Amino acid sequence: MRDPGKGGGMGVCARAALGLGALWAAAWGVLLLTAPAGAQRGRKKVVHVLEGESGSVVVQTAPGQVVSHRGGTIVLPCRYHYEAAAHGHDGVRLKWTKVVDPLAFTDVFVALGPQHRAFGSYRGRAELQGDGPGDASLVLRNVTLQDYGRYECEVTNELEDDAGMVKLDLEGVVFPYHPRGGRYKLTFAEAQRACAEQDGILASAEQLHAAWRDGLDWCNAGWLRDGSVQYPVNRPREPCGGLGGSGSAGDGGDANGGVRNYGYRHNAEERYDAFCFTSNLPGRVFFLKPLRPVPFSGAARACAARGAAVAKVGQLFAAWKLQLLDRCTAGWLADGSARYPIVNPRKRCGGRRPGVRSLGFPDATRRLFGVYCYRTPGAPDPAPGGWGWGWAGGGGWAGGARDPAAWTPLRV
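Since we're looking at a predicted model, the values are computed, not measured.

1. With respect to the nonpolar core
Thought 1: By size, the foremost hydrophobic cluster in this structure holds 92 residues, and its most contacted members are Leu76, Trp96, Phe109, Val285, Val371 and Tyr372.
Thought 2: Of all the elements, helix H5 (residues 313-322) adds the most residues to this core, at six residues.

Below, the structure written as structure tokens:
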């Protein structure tokens, strides 16, 4: 159970019915929130607010969810009401926590009068909106992938308190992943690390279901954030759970497949693939075709010559989905796989559906490709106009032990 005293918090007490029905005549209210500069991409967001049961403290939050993206700014809406004649606002404690498990919370932000404090990774990013008395909304800046999830807004006034829940969702893309070792090689903890190494986090069941509705079809089971193992099938076939029916979760039926669900598995012993989630890229992914295709060992050197690093799998998926990167040429990625992104399907580029095509994990020393690079925001391109560096005598960036001081400009 959640410790009522942890972090200075108090449990939610029984609400006293103080006859506030007249003050809450409407069952629904509408709260218009305007995010700070740059938030919500300059758009105003109308949030429908559900009013709770009458009591000395009543907290209002948004049913449904609010949506942002990595690097964005979002307002988590929360307002409260109580009898101002009986209590002053200075004695109200506001506490935001994040739900990490059904019975586990982590502290985000606490305010008591003029005293405010943010915790952990939220330091320097979280603050109260402060839009007049009764506003407990939290402004969250520079949103990260780890910020995704449910947040509780708790308001305490002496012995009375109430709480509401806000769900923060992120714009992004779900992608299946397995390492070079092959399929079904990851425990739950290893799947978490694999996603993090590829610029992602384990996807939630809700995110996987949304990806299925958007067309994701993948006939291999993978871990999700809650410890369950599932996989999405849009084109039902016998090797992928049959033609629908009992194995499907969601509203697909026999014709449209569904999300097959293995339930919660033993996370330290059983092994599956992973379904990862990533969001908006702060930088840019681009394809680099050196003077000559390179083995994997030359990929990092090729990108470094352009002020970049070899792109991770999640970065390529984000560039494909959110930046509409379309390139019908395979290139190395940081994990040793070779892939290419297709926005506009054509026959010679791997089929009739958009997606990130994979050539698996080719021989790192014998197979030669270009490379997908990722450049962080503000990083200069030392070779503008398509010029890079290599050895004019041959070998390009795969030249092994050759002295970099002897590199000469080469057209890339």
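More follows now that the structure is in view.
2. Quick word on the sheet that holds strand S12 (residues 149-157)
Thought 1: In spatial order, the strands read S4-S13-S12-S7-S8-S9; together these six strands make up an open sheet with mixed pairing. At either end of the open sheet lies a strand with only one pairing partner, and these are strand S4 (66-68) and strand S9 (115-118). Neighbour-to-neighbour, the strand axes of the sheet open up by a mean angle of 25°, direction not taken into account.
Thought 2: Pairing geometry for strand S7 (residues 92-101) and strand S8 (residues 104-112), over eight bridges, is antiparallel. The residue bridging valine 99 from the neighbouring strand is phenylalanine 105, located in S8.

3. Focus: H5
Thought 1: With eight of ten residues buried, H5 is to be regarded as a mostly interior element.
Thought 2: When H5 is considered as a whole, its buried residues turn out to be Val313, Gly314, Gln315, Leu316, Phe317, Ala318, Ala319 and Trp320.
Thought 3: Following H5 by one or two positions, leucine 324 has its phi on the positive side, about 55°.

Scoring rules and cut-offs
All residue numbers refer to position in the chain's written sequence, counted from 1. Reporting of local features is limited, given that this is a predicted model, to residues whose pLDDT is at least 70; pairs of side-chain atoms are given and counted only at 80 or more, and all residues count toward the totals for whole chains, interfaces and linings. As a rule here, side-chain values come from all non-hydrogen atoms in the structure, and water together with hydrogens is ignored. We call a set of buried residues a nonpolar core when its members are Ala, Val, Leu, Ile, Met, Phe, Trp, Tyr or Cys and they connect through side-chain atoms within 4.5 Å of each other. Residue burial is assigned from relative accessible area. The probe radius is 1.4 Å, only protein chains are included, and a residue is buried under 20% of its type maximum, exposed over 50%, and partly exposed in between. The numbering of helices and of strands both runs from the N terminus, where a helix is a DSSP run of H or I of at least 4 residues and a strand a run of E of at least 2. If DSSP finds at least two bridges between two strands, the strands pair. Helix axes are fitted to C-alpha atoms over the stretch in contact, other axes to C-alpha atoms as well, and angles between N-to-C directions run from 0 to 180 degrees.

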